[in-house]
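Here is what each chain is made of, one letter per residue.
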Amino acid sequence: MANYDFYLNKSIICGKTIYAHYVEQPLIEYIGNPFIESLPPILSPDDAKHALRFHPYFDLEERNLPPHIRLHCVERLKELIEPLSDHIDMEQRFSRMIRHGYTSISRNPMTPEYVRMLNAGSDAVTNRDLSYFSEYAQERSTASGFVIIGMSGSGKTTCIEKILLQYPQVILHTKYKGIKLFSKQIVWLKLDCPFDGGVKGLCLKFFHAIDQLIDSNYFSSFAHGSTESMIPRMAQVALLHGLGVLVIDEMQNLNQAKSGGSQKMLNFFVELVNSIGIPIVLIGTHLAMGPISKAFCNGRRGTGEGDKTWLPISNDHEWFKLMNALSKYQWTIVESPITKEISNILYEESCGIIDIAIKLFILAQWRAITTGREKIDKKIIMSVAKDSLQLLKPALELMKQGNTEKLMAEYPDIIISSSQMEELKKVYLSKQNMTKTSYKNLNTELLEIKD
């Protein structure tokens, strides 16, 4: 057997497996479908905020631990999630999309139409043609999908994974309202787009992931086939196991696809949504926008929930919420409140990118502890920003300067709103007006901190 290891996703995110427990539904279109009735309750925005928030463990007594131990405690900050408006928006979208995707009568396992669609899958496999699903369907697909575009470190993937984990990944059905129902429902599946942007690689990842979840043997059965034979088999497996949503991350890998490959992949996604009603969410950096906008977004259901551009945070109440959450996690001996000045410095140095802001706060604590200063202040933060973000510094400088043209030319995967660029540019220009003496003193202060 050929070695397909390079296609497989070794680190797929896995959720819980549970036995079905059916609950009464608030909407008529959700009643009578075991795939919907076995899902967790629909969350209000406040409930979603509580569910998505993750504040790691913290104990004031840990500040009395030796410095080398406290350095380890600071690592916990990497796990912090403070739900912002984008998080709540995404949770609500997924809640609607998953349930609405099941409302098609041919996606209800208790209906003859569902059995008819499974039979259509056999014809689709035999003829290597997904259109057989559409011919058997009795009504138009109700599924939708959308695209999430954002720069690395903006928190989009962390948010989506946290949302998916609010749902069980596999639900085992044995009996529904006194009727036998043997089904392994897969509520969600998240995969990375293959590094070469190939459809075959995606199909292989799909079969391998399904095998990991439900102990099946699809991969060994189908891995030898051609791409054309795998596509309808993937659709048939997705339909058989009631896949609620398929999430594909790292869509910028489509840029590595061979001639015509990206178009083939995106056409495949559109066909899955339209023919068997599987909602699909595509996630990528700005580099993915070109091929996606030309195909998936123009598909009949490509933007059913409205596309999302995931931008860095603005320096407003959203940023203050994040700063307030961060301020609680200080393992330095001296606790320092995050003042407006420090908040502004963190914003300026991170350009509103959540991942960078948290890393700066972590680096500042490490430096404060290792140097014996034991206090977070603006000098510490500016010091680590100056010498610990070397790889990111050129891009961050262009963002601060408001040099959009050069930024997009040199870093096409970065996307930021014009208002944020203007906000950062004002700060940058005000600093440029500082006297040479001020700069000299500042550099001296930073060097003293490092020592």
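Basis of the calculations
Residues numbered from 1 in each chain as written. Predicted model: local features only at pLDDT ≥ 70, side-chain atom pairs only at ≥ 80, totals over all residues. Heavy atoms only, no water. Helix = DSSP H or I, 4+ residues; strand = E, 2+ residues; numbered from the N terminus. Buried < 20%, exposed > 50% of the residue type's maximum accessible area, 1.4 Å probe, protein only. Contact = heavy atoms within 4.5 Å. Areas by Shrake-Rupley, 256 points an atom, 1.4 Å probe, with all protein chains shown as cover. Core = buried A, V, L, I, M, F, W, Y, C linked by side-chain atoms within 4.5 Å. Salt bridge = Lys/Arg side-chain N within 4 Å of Asp/Glu carboxyl O. Expected span 1.5 Å × (residues − 1). Arc of directions from axis to C-beta. Pairing = 2+ DSSP bridges. Axes fitted to C-alpha atoms, helices over the stretch in contact; angles between N-to-C directions. Parallel < 35°, antiparallel > 145°, perpendicular 65-115°, else oblique. Left-handed = near helix turned anticlockwise from the far one by under 90°. Nonpolar A, V, L, I, M, F, W, Y, C, P; charged D, E, K, R; others polar.

### Examining the overall build of the protein chain
- Within the protein chain, the secondary structure is distributed over 20 helices and eight strands.
- Expressed as a percentage of the 451 residues in the protein chain, the buried residues total 52%.
- Intrachain contacts of the protein chain at a sequence separation of at least 6 include 77% that bridge at least 24 residues.
- With the model as given, the accessible surface of the protein chain reaches about 20,300 Å², and the carbon-plus-sulfur share is 52%.

### As for the nonpolar core
- If you look at the biggest cluster of nonpolar residues, it comprises 51 residues, and the most contacted ones within it are Phe206, Phe207, Leu246 and Phe269.
- With ten residues, helix H8 (residues 199–214) is the single largest residue contributor to this core.
- Residues in contact with Leu246, not counting those within four places in the same chain, are Leu189, Leu191, Met234, Leu272, Ile278, Pro279, Ile280 and Val281.
- Listed in part, the 40 residues of the second largest apolar core include Ile313, Met323, Tyr347 and Ile358.

### Overview of the pattern of salt bridges
- Tallying each qualifying case throughout the model produces 15 salt bridges.
- When the shortest N-O distance is used, the salt bridge between Glu62 and Arg76 registers 2.8 Å. Of this pair, Glu62 sits in the loop between helix H2 (45–52) and helix H3 (67–74) while Arg76 sits in the loop between H3 and helix H4 (85–102), placing them 14 residues apart in sequence.
- The partly exposed category is assigned to Arg76, whose relative accessible area is 22%.
- The shortest N-O distance in the salt bridge between Asp86 and Lys308 comes to 2.5 Å. Pair noted here: Asp86 is in helix H4 and Lys308 is in strand S8 (residues 308–310), with a separation of 222 residues, a long-range link. Per residue, the accessibility class of Asp86 equals that of Lys308, and both read buried.
- Among the ionic contacts, a cluster of salt bridges with common partners joins Asp86, Asp89, Arg93 and Lys308.

### A closer look at the environment of Ile148
- With respect to the secondary-structure elements, Ile148 resides in strand S2 (residues 146–150).
- The exposure class assigned to Ile148 is buried, which follows from its relative accessible area of 0%.
- In this structure the C-alpha to C-alpha distance between Ile148 and Leu282, which are 134 residues apart in sequence, comes to 6.2 Å.
- If sequence neighbours within four positions are ignored, Ile148 has contacts with Met90, Lys156, Ile160, Val281, Leu282, Ile283, Gly284, Lys308 and Trp310.

### Focus: helix H5 (residues 112–127)
- Over its 16 residues, H5 extends 23 Å from the first C-alpha to the last, a length consistent with the 22 Å expected when each residue adds 1.5 Å.
- Buried residues of H5: Glu113, Tyr114, Met117, Ala120, Gly121, Ala124 and Val125, and no others. One side of H5 holds all its buried residues, which, seen down the axis, span an arc of 145°. Among the exposed residues of H5, those oriented more than 90 degrees off its buried face are Pro112 and Thr126.

### Considering H4
- Here H4 is 18 residues long and its end C-alpha atoms lie 27 Å apart, about the 26 Å a rise of 1.5 Å per residue gives.
- When you tally the buried positions in H4, you get 13 out of 18 residues, the bulk of the element.

### Points about the sheet that holds S8
- Taken in spatial order, the five strands of this open sheet run S5-S6-S7-S2-S8, and their pairing is parallel. Strands with a single pairing partner mark the edges of an open sheet, and in this sheet they are strand S5 (188–192) and S8. Strand-to-strand twist of the sheet, defined as the mean angle between neighbouring strand axes without regard to direction, takes the value 15°.
- Pairing analysis gives three bridges linking strand S6 (residues 245–249) to strand S7 (residues 280–284), with the strands arranged parallel. Bridge pairing links Ile248 to Leu282 in S7.
- Relative to S5, H8 is tilted by about 135°, and along the sheet it contacts S5 and S6.

### Things to note about the packing of helix H15 (residues 354–370) against helix H16 (residues 378–387)
- Between H15 and H16, the least distance of the axes is 9 Å, while the angle of their chain directions is 110°. As judged from the angle between their axes, H15 and H16 are roughly perpendicular. The chirality of how H15 crosses H16 is right-handed. Residues Leu360, Leu363, Ala364, Arg367 and Ala368 of H15 lie in contact with H16, whose contacting residues are Ile380, Ile381, Ser383, Val384, Ala385 and Asp387.
- When grouped by side-chain class, the residues that make up the contact of H15 with H16 number eight nonpolar, one polar and two charged.

### Looking at the packing of H2 against H4
- Direction vectors running N to C along H2 and H4 enclose 110°, while the axes themselves pass 10 Å from each other. Taken together, the axes of H2 and H4 lie roughly perpendicular to each other. Only His87, Ile88, Glu91 and Gln92 of H4 make contact with H2, whose side of the interface consists of Pro45, Ala48, Lys49 and Leu52.
- Class assignment of the residues belonging to the contact of H2 with H4 gives a composition of four nonpolar, two polar and two charged.

### What about the pairing of S6?
- Counting buried positions over the five residues of S6 gives five, a clear majority of the element.
- Residues of S6 alternate between two faces, with Val245, Val247 and Asp249 on one and Leu246 and Ile248 on the opposite face, all of them buried.
- The pairing of S5 with S6 spans five bridges and is parallel. Within the sheet, the bridge partner assigned to Lys190 lies in S6 and is Val247.

Keep in mind these values describe shape, not function.
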